[in-house]
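Secondary and tertiary structure notes
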Amino acid sequence: MNLNVNGDEHEIACSTLAELMAALDYEGSWLATAVNGELVHAADRDGWRLRDHDRIEILSPMKGG
Amino acid sequence: MLQVYDTEITSRLLLGTAGYPSPTVLSDAVRASETQIITVSLRRETAGGKAGGAFFELIRELGTKILPNTAGCHTTKEAVLTAKMACEVFKTNWIKLEVIGNHDTLQPDVFALVEAARILSNEGFEVFPYTTDDLVVAERLLEAGCRVLMPWCAPIGSAMGPQNLSALRSMRAHFPDVPLIVDAGIGRPSHATTVMELGFDAVLLNTAVAGAGNPAVMASGFAKAIEAGRLAFEAGMLEPRDMAVPSTPVIGKAVFS
């Protein structure tokens, strides 16, 4: 499956958002996720089925003004 | 004491967390400022990266309220999604709403800002909108559900200080009961004192502190300047006069010739 994660293309075999995050070593309670412009709550990642060409954003806290 | 939404704060300085030379310097500046509210943002995490986690721990240890921003967003959709993701991470319904409309000045896109403010307010967010000093936009933001306004006094990071005192005075006069926080453009403590003397309720700083030679000392200086301006406003200041007025009584003055 071809997925765009934080702007980078990945060819990866996974079926859910949680599997994708584990495969790419994204781990932490401070992460927020969105798929195709929609928020996906942490509790929903296990059941969130990914589709070819989905766009995934994985954000974390950063300094800001 | 200042009330923003349902939270009472005693410090009238809100401090940004960007641009400090090191995490230690940031922590020292936050503590020296005695701020109760710091601003943060969200950015893409790298695969396998733990940078966000380290920063998350740092800000939690500071013990202040956290005000996430939507910095860098250029559309209503981006800002609304970022606000929701910030809520997920920081467990707060506060959001410093920024929708940038101009790359050079970082001037807000006030049309998208109002739209985003309405959406987020309807979804239960307590919105702190970064706006201009335009009264009509301010009215629209209040109608959209905002109960705090954060006008700029100059472009973000410019350090130019208040560029339109007349507009700021008008804003204060038109919205006497709305908390007004000057959000951007402050460069020096004297700038902060000036807007506080006008009756603004608080000041949000970042670059002026982070970019100082000694951020912690500057943070302390700003805290004092903001308090001085507030005290002056509460005390009531003299209006300037065209002519000199002797301060020492004239009556009873000796006549030597």
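Residues numbered from 1 in each chain as written. Chains lettered and ligands numbered in written order. Predicted model: local features only at pLDDT ≥ 70, side-chain atom pairs only at ≥ 80, totals over all residues. Heavy atoms only, no water.

1. A closer look at unusual backbone geometry
All names here are of chain A. Unlike most non-glycine residues, Asn36 shows phi in positive territory, near 50°. Within the secondary structure, Asn36 sits in the loop between β3 (32–35) and β4 (38–40). Overall, Asn36 belongs to the partly exposed group, its relative accessible area being 27%. (Helix = DSSP H or I, 4+ residues; strand = E, 2+ residues; numbered from the N terminus. Buried < 20%, exposed > 50% of the residue type's maximum accessible area, 1.4 Å probe, protein only.)

2. Section: the environment of Gly185 of chain B
Residue and element names in this part refer to chain B. With respect to the helices and strands, the residue Gly185 is situated in the loop between β9 (181–182) and α7 (189–197). Its relative accessible area of 5% is what places Gly185 among the buried residues. In this structure the C-alpha to C-alpha distance between Gly185 and Met171, which are 14 residues apart in sequence, comes to 17 Å. Not counting residues up to four positions away in its chain, the partners in contact with Gly185 are Cys153, Ala154, Pro155, Ser158, Ala159, Met160 and Gly161. (Contact = heavy atoms within 4.5 Å.)

3. Considering the pattern of salt bridges
All names here are of chain B. Taken as a whole and judged by the stated rule, the model has nine salt bridges over all chains. For Arg230, the salt bridge goes to Asp201, with nearest N and O atoms at 4.0 Å. Taken together, the positions of Arg230 in helix α9 (residues 215–235) and Asp201 in the loop between α7 and β10 (202–205) put the pair 29 residues apart, joining distant regions of the chain. What emerges from the salt-bridge pattern is a single network uniting Arg172, Asp201, Arg230 and Glu234. (Salt bridge = Lys/Arg side-chain N within 4 Å of Asp/Glu carboxyl O.)

4. Notes on helix α1 (residues 23–33) of chain B
Residues and elements named next belong to chain B. Listed in full, the buried residues belonging to α1 are Leu26, Ser27, Ala29, Val30 and Ser33. One face of α1 carries all of its buried residues, which in axial projection span an arc of 165°. Along α1, the residues that are exposed and aim more than 90 degrees away from the buried face are Thr24 and Arg31. Where α1 is buried, its residues touch β3 (13–16), β4 (37–44), α2 (51–62), α8 (207–210) and α9. Where α1 terminates, the next one or two residues include Glu34, which has phi positive at roughly 60°. (Arc of directions from axis to C-beta.)

5. A look at the packing of aromatic side chains
Residue and element names in this part refer to chain B. Counted according to the given criterion, the structure contains three aromatic pairs over all chains. Centre to centre, the rings of Trp94 and Phe128 are 4.9 Å apart; their planes meet at 55°, and the pair counts as tilted. Of this pair, Trp94 sits in strand β6 (residues 94–97) while Phe128 sits in strand β7 (residues 126–131); the two residues are 34 residues apart in sequence, bridging distant segments of the chain. Among the residues examined, Trp94 registers a relative accessible area of 2% and is labelled buried. (Phe/Tyr/Trp six-rings, centres within 6.5 Å; stacked < 30°, edge-to-face > 60°.)

6. Notes on the layout of surface pockets
One water molecule sets the probe size; rolling that probe over the atoms shows where empty space is left. Counted as a void, the largest pocket has a volume near 510 Å³. Around the largest pocket, the lining is made up of 20 residues, and of these Glu57 and Leu59 of chain A together with Glu78, Leu81 and Thr82 of chain B lie nearest the centre. Those elements that place two or more of their residues in the lining of the largest pocket are β3 and β5 (55–63) of chain A together with β4 and α3 (76–90) of chain B. Considering each element in turn, the lining of the largest pocket owes the most residues, five residues, to α3 of chain B. (1 Å grid on protein atoms, 1.4 Å probe; cavity = no way out; pocket = protein on both sides within 12 Å on 5 of 7 lines; lining within 4 Å. Points joined across faces, edges and corners; volume = space filled by probe spheres on them.)

7. A word on the state of the cysteines
What is meant by a disulfide is a covalent connection between two cysteines, made through their sulfur atoms. According to the stated counting rule, one finds zero disulfides over all chains in the structure shown. Cys73 of chain B carries a free sulfur, and the closest cysteine sulfur to it, the one in Cys87 of chain B, is 15 Å from it. (Disulfide = S-S within 2.5 Å.)

8. Some words on the sheet that holds β6 of chain B
Residues and elements named next belong to chain B. The three strands are arranged β6-β7-β8 in an open sheet whose pairing can be described as parallel. Two strands close off the open sheet at either side, each with one partner strand: β6 and β8 (150–151). Where helix α4 (residues 110–122) meets the sheet, it contacts β6 and β7, and its direction lies at approximately 175° from that of β7. (Pairing = 2+ DSSP bridges. Axes fitted to C-alpha atoms, helices over the stretch in contact; angles between N-to-C directions.)

9. Examining the interface of chain B and chain A
Taken residue by residue, the interface counts 30 residues in chain B and 27 residues in chain A. Carbon and sulfur atoms make up 59% of the area that chain B and chain A hide from each other, which totals about 2400 Å². Summed over the three residues of chain B that lose the most area to chain A, namely Arg44, Met85 and Glu88 of chain B, the buried surface amounts to 26% of that side. Summed over the shared surface of chain B and chain A, the result is one salt bridge. Put simply, Glu57 of chain A and Arg44 of chain B hold a salt bridge, and the shortest N to O gap is 2.7 Å. Counting every contact that joins chain B to chain A gives 18 residue pairs in polar contact (both at pLDDT 80 or more). Elements supplying a minimum of two residues to the side of chain B that touches chain A: β4, α2 and α3 of chain B. Here the side of chain B that touches chain A takes seven residues from α3 of chain B, the largest share from any one element. Here the side of chain B that touches chain A is composed, by residue class, of 10 nonpolar, 11 polar and nine charged. (Buried area = accessible area lost by both parts, 1.4 Å probe. Polar contact = N/O pair within 3.5 Å; in protein donor to acceptor, adjacent residues only side chain to side chain. Nonpolar A, V, L, I, M, F, W, Y, C, P; charged D, E, K, R; others polar.)

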